Amino acid sequence: MEPLLAFKKIFFSSTAIYVSEDFIDVAEGSTVFGGMKISLLKRFPIEKNTKGLSYVDTNVEIGKLIVKLFPKEEDRPYRIAINVPNARLILRRFSIKGVSKNEIDQSIVFEAQKYIPSLIDNLTYGFKSYVLRPGLREIVFAAVETKNIRETIDFFSENNIHASTIEPVPALLARSLSLKKNLSKKGAYVFIHYEPHNRVILCEISHRYPYFFKELVIPQVEAGKNENGLSYPTLKAVWPHIEKDVIGGIDYLRKEAKERVDEILISGFEPSADELDLSREFGVPFARPDMSFFKNTDEKIKDRHLPVLMLLHDLQNKPFLNMAPEDVVKNDLWILKKVAMRSLIIFLVIIVAHLFLLGINNAKAGRVANAQKGLAAYEGISGTISREDILRYKDTLTGKAALINTLIDKKYYLTEKLTQLNAALPEECWVDNISYVNKTSAEPAAPVLTVRGFVFAATPSSNTDPNKILEAIKQNKKIMSGFKSIELVSVTKKEYLKNEITEFEIVLK
């Protein structure tokens, strides 16, 4: 795969998969100014005889879609985001007193065990916290059995895809509030999300974190629209079956969180003018989530796909509540995006500067020829201008032409060297800084190329050892052309994001 294509796939393109009881959503997109451009957004119904899928069965269904959507392995995404099924999710909310933010990691294991039915050693979990009042922190805790998480991660790994973002649905619904700028960060909300054929996810939200959620199975109701065999009723048609639960959620927030619900957010339903009348009758404002962040897709159906779009959002940004194990997150190259971007910018600046010099190269023959014509013209001048002045002008022009010749002749085609350098470096290596000095004067100095970079897990037995990198560069004739020597001037072990890396500096002279 071409380096720039791989760079784009790793750092700018995203793929998300959302699994429900009756369908699987797949979305792809890339970062653009002010949002994400959606290139794929599709819902694939699951056959009725496969309802109640196990993790293994779910992976089989996903595997079929991967083969269908990405028949060539090189077209498959580098990473994906996927949801934790509601049926397997443990979501709890509790308070911790007298614990600072830096101490939560050590305290959460003991405190959370009081509120969950399983041994925490058997769970993979994630949590968020905020200050409720001085000395008191509110904890949002989500967990799922580790064996289920590992089955999913291993499945994608076998397909050369990195499952580095795994989030629960309530967190995705709460996360969508951040897209609506006028909502209060400390407010209380109820989110109602419909999924065909007959499921409603009800989530109470406080301080933009899920407080409580439940999945309701309702009777089949008349639907106004069909898509791929899936029906989407209006909120009014579903309302009689969920009204009591919505009222219960509002009462729960009032009693437990001491908060009044500011707004009810709805998604997944067929849009209808009845929503406004229903809102007035109920006495609490109803609103749709703001999905304008996602570009290039039908505005009318965006919120039907809200969970998968929020997975896509969190994969390209910072996950809201990631339940992927720490070792999986660390191995995702996305964490190096800032470093990689800086390296790419350095490469581009050097290449642009080199292309500028190429313009001088292309103009070389014309400039020398013009200088010679000027000299020929002045050599024939006579009259008031002295012969000494003419000869002095001739020397000046000759000097300028010689300077241009020196500038061009001593330039060692840096673009080709950078291309060859990229091929010589192992995949585990990235370049932090490149400097190139090639001064032109009456006595030009020899060019100097300095490369400073990093590698993961550098060992003497692997091609990531800086000495092996030095030898690979040394054997490349195109890189070494114009240089007389190459030296590994420094090797330093460092810790970066809790990983050991090796920094090296190589100088060519």
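Every value quoted in this text rests on a predicted model; they were computed, and no experiment measured them.

Undergrad: Residues and numbers for the nonpolar core, please.
TA: Among the nonpolar cores identified, the biggest contains 68 residues, and Ile17, Ile24, Ile62, Ile82, Phe156, Phe191 and Phe294 are the most heavily contacted of them. Sorting elements by how many residues they give to this core places helix α8 (residues 306-316) first, with seven residues. Excluding residues that lie within four positions of it along the chain, phenylalanine 156 makes contacts with Ile17, Ile62, Ile66, Ile80, Ile82, Ile161 and Ala163. Counting residues in each nonpolar core, the second largest holds 25 residues, with Tyr194, Val221, Leu235 and Phe269 among its members.

Undergrad: Describe the pattern of salt bridges, naming the residues involved and giving the relevant values.
TA: The final tally for this structure, using the stated rule, is 20 salt bridges. Ionic pairing is found between aspartate 251 and arginine 254, a salt bridge with its closest N-O pair at 2.8 Å. Taken as a pair, aspartate 251 and arginine 254 lie in helix α6 (residues 235-256) at a separation of three residues, close to a single helical turn. Residue aspartate 251 is classed as partly exposed on the basis of its relative accessible area, which comes to 24%. Since its relative accessible area comes to 44%, arginine 254 is described here as partly exposed. Where arginine 452 meets aspartate 432, a salt bridge forms, and the shortest distance between an N and an O atom there is 2.9 Å. In this pair, arginine 452 is assigned in strand β18 (residues 448-456) and aspartate 432 in strand β17 (residues 429-437), connecting sequence segments 20 residues apart. The class of arginine 452 is partly exposed, set by a relative accessible area of 26%. By relative accessible area, aspartate 432 is classed as buried at 7%.

Undergrad: Lay out unusual backbone geometry in plain terms, naming residues and giving numbers.
TA: For the bond running from proline 196 to histidine 197, omega is 10°, close enough to zero to count as cis. Mapped onto the secondary structure, histidine 197 falls in the loop between β9 (188-195) and β10 (199-206). Of note, asparagine 160 is a non-glycine position whose phi angle comes to about 60°, a positive value. With a phi close to 55°, histidine 207 is a non-glycine residue in the positive phi region. Take histidine 207: it is sitting in the loop between β10 and β11 (209-217).

Undergrad: Account for the sheet that holds strand β6 (residues 123-133), with residues named and values stated.
TA: Read across the sheet, three strands follow the order β5-β7-β6 without closing on themselves; strand pairing throughout is antiparallel. Because the sheet does not close on itself, it has two edges, and the strands there are β5 (90-97) and β6. Within the sheet, the average angular offset between the axes of one strand and its neighbour, ignoring direction, is 20°. Sheet topology note: the β5/strand β7 (residues 136-145) ladder contains eight bridges and is antiparallel. Counterpart to arginine 93 in the pairing with β7 is valine 140. Of the strands in this sheet, β6 and β7 touch helix α4 (residues 146-158), which is tilted by about 65° from β7.

Undergrad: Describe in detail the packing of aromatic side chains, supporting the description with residues and values.
TA: For any pair of aromatic rings, the description consists of the separation of the ring centres together with the inter-plane angle of the planes. Scanning the model with the defined rule gives 15 aromatic pairs in all. Measuring from centroid to centroid gives 4.5 Å for phenylalanine 94 and tyrosine 115, while their planes differ by 0°, and the two rings are stacked. Taken together, the residues span a long stretch of sequence, with phenylalanine 94 in strand β5 and tyrosine 115 in the loop between α3 (104-112) and β6 at a distance of 21 residues. For tyrosine 115, a relative accessible area of 35% puts it in the partly exposed group. What links up through ring pairs into an aromatic cluster is the set Phe94, Tyr115, Tyr125 and Phe141. It is arginine 43 that lies over the ring of phenylalanine 23; its NZ or CZ is 3.9 Å from the centre.

Undergrad: An account of the environment of proline 271 is requested, with residue identities and associated values reported.
TA: Among the secondary structure elements, proline 271 is positioned in the loop between β14 (261-267) and α7 (274-282). Residue classification places proline 271 among the partly exposed residues on the basis of a relative accessible area of 44%. Between the C-alpha atoms of proline 271 and threonine 234, which are 37 residues apart in sequence, the distance is 6.4 Å. Setting aside residues no more than four positions away along its own chain, proline 271 makes contact with Arg288 and Lys300.

Undergrad: Tell me what's going on with α8, and back it up with residues and numbers.
TA: The buried count for α8 comes to eleven of eleven residues, which makes it a mostly enclosed element. Among all positions of α8, only Leu306, Pro307, Val308, Leu309, Met310, Leu311, Leu312, His313, Asp314, Leu315 and Gln316 are buried.

Undergrad: Describe the pairing of β14, naming the residues involved and giving the relevant values.
TA: Along β14, six of the seven residues are buried, which leaves the element largely enclosed by surrounding structure. Where β9 meets β14, six bridges bridge the pair, whose relative direction is parallel. The residue of β14 that forms the bridge with histidine 193 is serine 267. Inspection of the sheet shows β14 paired to strand β15 (residues 286-287) by two bridges, in the parallel sense. By the bridge assignment, isoleucine 264 is partnered in β15 with phenylalanine 286.

About the criteria used
- Residues numbered from 1 in each chain as written.
- Predicted model: local features only at pLDDT ≥ 70, side-chain atom pairs only at ≥ 80, totals over all residues.
- Heavy atoms only, no water.
- Core = buried A, V, L, I, M, F, W, Y, C linked by side-chain atoms within 4.5 Å.
- Buried < 20%, exposed > 50% of the residue type's maximum accessible area, 1.4 Å probe, protein only.
- Helix = DSSP H or I, 4+ residues; strand = E, 2+ residues; numbered from the N terminus.
- Contact = heavy atoms within 4.5 Å.
- Salt bridge = Lys/Arg side-chain N within 4 Å of Asp/Glu carboxyl O.
- Pairing = 2+ DSSP bridges.
- Axes fitted to C-alpha atoms, helices over the stretch in contact; angles between N-to-C directions.
- Phe/Tyr/Trp six-rings, centres within 6.5 Å; stacked < 30°, edge-to-face > 60°.
- Lys NZ or Arg CZ within 6 Å of the ring centre and 35° of its normal.

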